[in-house]
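# Analysis of the macromolecular model
Below, each chain spelled out in residue letters.
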Amino acid sequence: SEPVARYALGLGDDALILAQRLGEWIAHAPELEEDIALGNIGLDLLGHARSLLSYAGSAWGMAEDDLAYFRDEPEFRCHQLFEQPIGDFAQTIARQLIASAYFHGLYRSLGRSADPTLAAIAAKAVKEIDYHLDHSSQWLLRLGLGTEESARRMQRGLDAMWPFVDELFRRQPEIEELDGIAVDPASLRPAFDQLVPRLIVEAGLSVPTTGSARGGGRQGVHSEALGPLLAEMQVLARAHPGEAW
Amino acid sequence: SEPVARYALGLGDDALILAQRLGEWIAHAPELEEDIALGNIGLDLLGHARSLLSYAGSAWGMAEDDLAYFRDEPEFRCHQLFEQPIGDFAQTIARQLIASAYFHGLYRSLGRSADPTLAAIAAKAVKEIDYHLDHSSQWLLRLGLGTEESARRMQRGLDAMWPFVDELFRRQPEIEELDGIAVDPASLRPAFDQLVPRLIVEAGLSVPTTGSARGGGRQGVHSEALGPLLAEMQVLARAHPGEAW
Amino acid sequence: MTPGIRPGAVDDAAGEERFLELITSDSRVEPTDWMPEAYRKTLVRQISQHAHSEIIGMQPEGNWITRAPSLKRKAILMAKVQDEAGHGLYLYSAAQTLGTDRDTMFEQLITGAAKYSSIFNYLTPTWADMGSIGWLVDGAAICNQVPLCRASYGPYARAMVRICKEESFHQRQGFEILLALMNGSESQRAMAQESVNRWYAPALMMFGPPDADSPNSRQSMDWKIKRFSNDELRQRFVDMLVPQAEALGVTLPDPDLKWNEERGHYDFGELDWSEFYDVLKGNGQANAVRLNTRRAAHEGGAWVREAARAYADKQAAAAADLELAS
Amino acid sequence: MTPGIRPGAVDDAAGEERFLELITSDSRVEPTDWMPEAYRKTLVRQISQHAHSEIIGMQPEGNWITRAPSLKRKAILMAKVQDEAGHGLYLYSAAQTLGTDRDTMFEQLITGAAKYSSIFNYLTPTWADMGSIGWLVDGAAICNQVPLCRASYGPYARAMVRICKEESFHQRQGFEILLALMNGSESQRAMAQESVNRWYAPALMMFGPPDADSPNSRQSMDWKIKRFSNDELRQRFVDMLVPQAEALGVTLPDPDLKWNEERGHYDFGELDWSEFYDVLKGNGQANAVRLNTRRAAHEGGAWVREAARAYADKQAAAAADLELAS
């Protein structure tokens, strides 16, 4: 149905844009193991994106690539967290920590969705997300408790990403009719708040006290980082509209 | 004439792509003075690019924007030096040093071209380039003789850009018919070799001994950095083909 | 020189008298004149906030330099963003005459201790925003700043003269961007209107809260730093905008906007001040990104500034040696 | 343990006899076996060069991850580039069994002291290059590597078994990219053909210079590290390519290419070896960029590796304290 498709589109865009960002790391990571790890996480997310976008597109007679390559910026529905530039490794880890904790709760709940396709996608994603969360938690500890410089950078990374946390958990009027199918984002906040601040403190760092960005990604309001990302992502496909690859 | 237009196109692309790169610094420079200085240099270069592309386009009934926004990568004629990413400030200074020394000789000679338009564009550019060369020479000294870290970075920047020097001065068969109009690039090399290595040594650094990149920018062979640059530069214009702004 | 006495300093009573005389006679207070500490502090805060606004204001427009849709627009935009950096520098210089150095002010900016205009916490998702910023944001800035060219503190007033000249140029450029879009395709016109819809109310809020909620304004007006109240300036701005909007063919997003024959002004609707205060508190679209971007540039460039300092020191030492030897 | 004697070391004469026996009987030499220093050095050089090639080879393909024209192709490409990082790691592990540690080898790579396959100094200006690299470059690599699965040094041979399996998967993916383009629009077909034109000769040169100019090969063949000569492998590759090119509908850019009934092989034209040597000397399209990119990643990530080390040390110290206390 249309509302389910719109819901899947938002989730798919989150995964797609974060996967695109992680792809920027490959061949540029601090060590080969991280080229592999960040690539793996990116691949998992790209897999989630493809499932979700295919499902969304099925309601509109569109393929995943129609959605990924031929929508303009205001038609994207990702939260702004996922659009932010990769920054340094610490900023990437900060975002991965937040994102993984969010997906962790989300896909666990969504695994119980009354919509069998969403439930199946989520159930498959859950195991992968466990690894993502473990990866970022481990790095949070290493960087937070490693050297003075790494702790400083890790704190900066958290501070830079924290304003985009709030948006993830805001109530979305558009999914209220999807009771039992969609997950109320607000319901995921307590678990996040129980987990992430504890991890940050364990890593010897401070839970940021920054304000919250206004957000609006689910309504097509995007940060300034998305435009250039889409320009690059879509350039080739758009130069050859309608072609197969 | 067609050969003159093609010659102007190459020079225009050099200036355009370097201006585009310098534009990336604005609001991101190490201090406000450099936001201004790099912006100034970029603006000058953009001015040269517009004059040269307009002139080239006049032979083909095309406007500067047709050339800047609606050519694909293999149709661009810039040397590969100008396409390289901005890197850190030292790498940017290394490129500016090489580029300014090259333009310095080029526009001085071109000021005596039998083609009055090219001569006029060059004569105007010469004074601006003097400032550009002074700016990069000063920074070369500051970074080369400043701190251990700045010297290390400046040397790295020079090493990274040096492979692209050779291409600037290669004989171009396609301009041989433009005797008295175009400048033979090879004729500019002695002055460059007299100036730049001396500046580098004065700054306490070593003249790089790296190999030379194969190049081919004037034939449309570009480095991997150009594609993403064009994707971003052209995205908006291409989304609205034929519109005025 | 007697320690503790600055050159040109006079005792407080005589100084205060002269200060009041300068203010009353609409003359200029200069850096060497005696001035009340509160006057000095108010000025430093206001001038440095203005400087910070110019510096942070480079980002929302800088965002489109690489994507400007024509080379002419790219050149104009680069020049404009560069002007803003220049304004930042003039203003820092003016503030420095009051005894606060530039590094201190800049530090306050990047640690978040000092404010900048909330308007720059809004985003520029479309090219039309380059037009709206010029037309509406710079337009509002001009309404604010023209009277500041007569501010009682000399260095500030003089900086504003130069800045206002450039700002009015910027405003015209913004207007032209929107005009080109409104004369363009349907999608270009839609882009322009959508952008004006987003920027109109925030631009009106640039004058600050309604007079009733702006208790500090009175003192600034008495000191002739400020010459008109927030609401007066806002009214002036709206009166200026309406005919320009008609010329452009854009609709200003306020159903209550209409000419009031009696007042000789346009009436306009209530603004949502809760949004204003929320952005001010740090919950705008881009507060964190703006600060982080400038801080990252500053921190990432620390080695460059250190090198420049080290080099200058070495040069000075070498020059001193030379002098000694001669 | 007697100092100076490694566990499993034997005196040279007995060791050499056993080594020759292993080689002659086509058995595997293992890390603990005695081996001639030249054999060890040859292997370290060859294996580490192979590892470096995998690592540097990530870049020309990594270049298209953000721009891949479909999500499926993006996923395949990401997985492929990641596999290359994995191959780099296996190969480093194999080389480490010969007593050279990974940091040393990596250092040799980024300082330019060690070589990697020249093929990765070519550029990937078009998406079709993702196809050509898979089909031609990985294809050539497989021809080279399949015999290495029987190399006399055990850890190397075992690493190659795993790598070959993945490479043949990569080659098929490359073929499929080109096939999709050849089944596509005219501009897609042109893109594919143009790319094959660029990569064909460099891929043939991947097997190294003609046998007459490759004096070191003989020793490697005697040691059963190498099983076939450069020219034999090149011939095998060309024979494999021709029918695949026909299936694709691309033309291989060699006018002299034709079936020789007598030899039972395809004849092919002379290659321009001056280009090969020029690229090897550092004058290829991307030599500097490839090294600088990896070096920048490594140096830019130094603080991350330091943090990981510091954290591990602290953990180890804490664990030791705990043990002591218990």
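Look up: the structure comes first, before these words.
Owing to the predicted nature of the structure, the values given are computational and were not obtained by experimental measurement.

### Brief notes about the overall build of chain A
- Counting secondary structure elements, chain A contains 9 helices and 0 strands.
- Each helix (α) and strand (β) of chain A, taken in turn from the N terminus, gives the series α-α-α-α-α-α-α-α-α.
- Against the globule reference of 18 Å for 245 residues, chain A gives a C-alpha radius of gyration of 17 Å, in line with a compact fold.
- Along the first, second and third principal axes, the C-alpha set of chain A runs to 55 × 40 × 30 Å.
- The 245 residues of chain A split such that 61% are buried.
- A fraction of 79% describes how many contacts in chain A between residues 6 or more apart in sequence connect residues 24 or more apart.
- Summing over all exposed atoms, chain A offers an accessible surface of approximately 8,400 Å²; the carbon and sulfur share of this is 53%.
- Placing the 21 positive and 36 negative side-chain charges of chain A at their respective mean positions leaves the two points 4 Å apart.

### Some points on the overall build of chain C
- Broken down by element type, chain C carries 13 helices and 2 strands.
- By principal-axis analysis of the C-alpha atoms, chain C measures approximately 75 × 50 × 30 Å.
- Among the 326 residues that make up chain C, the fraction classed as buried is 57%.
- When the accessible area of chain C is evaluated, it comes to approximately 14,300 Å², of which 54% is carbon and sulfur surface.
- Side-chain charges in chain C split into 35 positive and 44 negative, and the spacing between the mean points of these groups amounts to 4 Å.

### What to know about helix 8 (residues 186–205) of chain C
- Between its first and last C-alpha, helix 8 of chain C extends 30 Å over 20 residues, near the 28 Å set by a 1.5 Å rise per residue.
- Of the residues making up helix 8 of chain C, those classed as buried are Q188, M191, A192, Q193, S195, V196, W199, Y200, P202, A203, L204 and M205 of chain C.
- Looking at the buried residues of helix 8 of chain C, the elements they touch are helix 9 (226–239) of chain B together with helix 6 (128–145), helix 7 (154–182), helix 10 (230–248) and helix 11 (273–283) of chain C.

### A look at unusual backbone geometry
Residues and elements named next belong to chain D.
- Even without being glycine, D26 reaches a positive phi, approximately 55°.
- Note on placement: D26 falls in the loop between helix 1 (12–24) and helix 2 (37–56).
- By relative accessible area, which is 45% here, D26 ends up partly exposed.
- For K224, which is not glycine, the phi torsion reads 55° and is therefore positive.
- The exposure class assigned to K224 is partly exposed, which follows from its relative accessible area of 21%.

### Describing the side chain of E73 of chain A
- Of note, E73 of chain A is situated in the loop between helix 3 (64–69) and helix 4 (89–110).
- Although E73 of chain A is buried, it forms no salt bridge, and the closest oppositely charged side chain is R67 of chain C at an N-O distance of 4.9 Å.
- Beyond its immediate chain neighbours, meaning those up to four positions away, E73 of chain A contacts G220, H222, S223, L226, G227 and L230 of chain A together with P125 of chain C.

### Side note on the pattern of salt bridges
All names here are of chain D.
- This structure, assessed with the given rule, holds 72 salt bridges over all chains.
- With a closest N to O distance of 2.8 Å, D129 and R198 form a salt bridge. Separated by 69 residues along the polypeptide, D129 in helix 6 (residues 128–145) and R198 in helix 8 (residues 186–205) bring together distant segments of the chain.
- Using a relative accessible area of 0% as the deciding quantity, one classes D129 as buried.

### Re the interface of chain D and chain A
- On the side of chain A, 48 residues touch chain D, which itself brings 46 residues to the contact.
- Each partner contributes to the roughly 4,000 Å² buried at the junction of chain D and chain A, and carbon and sulfur atoms together form 68% of this total.
- With a shortest N-O distance of 2.6 Å, E33 of chain A and R102 of chain D are connected by a salt bridge.
- Our count for the contact surface shared by chain D and chain A stands at 17 residue pairs in polar contact (both at pLDDT 80 or more).
- Counting residues per element, the side of chain D that touches chain A draws most heavily on helix 4 (residues 71–96) of chain D, which supplies 13 residues.
- Partitioned by chemical class, the residues of the side of chain D that touches chain A number 25 nonpolar, 12 polar and 9 charged.

### Re the nonpolar core
- Membership of the largest hydrophobic core comes to 182 residues, with the highest contact counts inside it found for W127 and W135 of chain D.
- If one sorts the elements of this core by residue count, helix 4 of chain A sits on top with 13 residues.
- For W135 of chain D, the residues in contact, after removing those within four places along its chain, are Q171, G174, F175, L178, V196, L241, Q244, A245, L248, V250 and L252 of chain D.
- The next biggest cluster of nonpolar side chains, apart from the first, holds 180 residues, and it includes A27 and L205 of chain B together with A68 and C149 of chain C.

### What about the interface of chain D and chain B?
- Contacts between the two partners involve 20 residues from chain D and, on the opposite side, 18 residues from chain B.
- Together chain D and chain B conceal approximately 1,400 Å² of surface at their shared face, both sides included; 44% is due to carbon and sulfur atoms.
- For E224 of chain B, the salt bridge goes to R290 of chain D, with nearest N and O atoms at 2.8 Å.
- Applying the counting criterion to the chain D and chain B interface returns 6 residue pairs in polar contact (both at pLDDT 80 or more).
- Per element, the largest residue contribution to the side of chain D that touches chain B is 6 residues, and it comes from helix 12 (residues 287–300) of chain D.

### Some words on the packing of helix 6 of chain C against helix 8 of chain C
All names here are of chain C.
- One can describe the packing of helix 6 onto helix 8 by two numbers: an axis separation of 9 Å at closest approach and a directional angle of 30°. The orientation of helix 6 with respect to helix 8, classified from their angle, is roughly parallel. Here helix 6 and helix 8 pass one another in a crossing that is right-handed. On the side of helix 6, the interface is formed by A128, D129, S132, I133, W135, L136, V137 and A140, while helix 8 contributes M191, A192, S195, V196, R198, W199, Y200 and A203.
- Of the residues belonging to the contact of helix 6 with helix 8, the class tally is 12 nonpolar, 2 polar and 2 charged.

### Describing the packing of helix 2 of chain D against helix 5 (residues 102–110) of chain D
Residues and elements named next belong to chain D.
- The contact between helix 2 and helix 5 brings their axes to 10 Å, and the two run at 60°. By the angle class used here, helix 2 and helix 5 are oblique. For the element pair helix 2 and helix 5, the recorded crossing hand is right-handed. Between helix 2, through S48, H52, I55 and I56, and helix 5, the contact on the second element is made entirely by M105, F106 and L109.
- For the contact of helix 2 with helix 5, the per-class residue count stands at 5 nonpolar, 2 polar and no charged.

### Some details on the packing of aromatic side chains
- Inspection of the entire model under this criterion finds 38 aromatic pairs over all chains.
- Seen from their ring centres, F103 of chain B and Y107 of chain B are 5.6 Å apart, and the 15° between their planes marks the pair as stacked. Note that F103 of chain B and Y107 of chain B are positioned in helix 4 (residues 89–110) at a spacing of 4 residues, about one turn of the helix. Both residues of the pair, F103 of chain B and Y107 of chain B, belong to the buried class.
- Ring geometry for F19 of chain D against Y39 of chain D: centres 4.8 Å apart, planes inclined by 75°, an arrangement best described as edge-to-face.

Here is what the cut-offs are and how they apply
- Residues numbered from 1 in each chain as written.
- Chains lettered and ligands numbered in written order.
- Predicted model: local features only at pLDDT ≥ 70, side-chain atom pairs only at ≥ 80, totals over all residues.
- Heavy atoms only, no water.
- Helix = DSSP H or I, 4+ residues; strand = E, 2+ residues; numbered from the N terminus.
- Rg over C-alpha atoms; globule rule 2.2 N^0.38 Å.
- Buried < 20%, exposed > 50% of the residue type's maximum accessible area, 1.4 Å probe, protein only.
- Contact = heavy atoms within 4.5 Å.
- Areas by Shrake-Rupley, 256 points an atom, 1.4 Å probe, with all protein chains shown as cover.
- Lys, Arg positive; Asp, Glu negative; His and termini not counted.
- Charge placed at Lys NZ, Arg CZ, Asp CG, Glu CD.
- Expected span 1.5 Å × (residues − 1).
- Salt bridge = Lys/Arg side-chain N within 4 Å of Asp/Glu carboxyl O.
- Buried area = accessible area lost by both parts, 1.4 Å probe.
- Polar contact = N/O pair within 3.5 Å; in protein donor to acceptor, adjacent residues only side chain to side chain.
- Nonpolar A, V, L, I, M, F, W, Y, C, P; charged D, E, K, R; others polar.
- Core = buried A, V, L, I, M, F, W, Y, C linked by side-chain atoms within 4.5 Å.
- Axes fitted to C-alpha atoms, helices over the stretch in contact; angles between N-to-C directions.
- Parallel < 35°, antiparallel > 145°, perpendicular 65-115°, else oblique.
- Left-handed = near helix turned anticlockwise from the far one by under 90°.
- Phe/Tyr/Trp six-rings, centres within 6.5 Å; stacked < 30°, edge-to-face > 60°.

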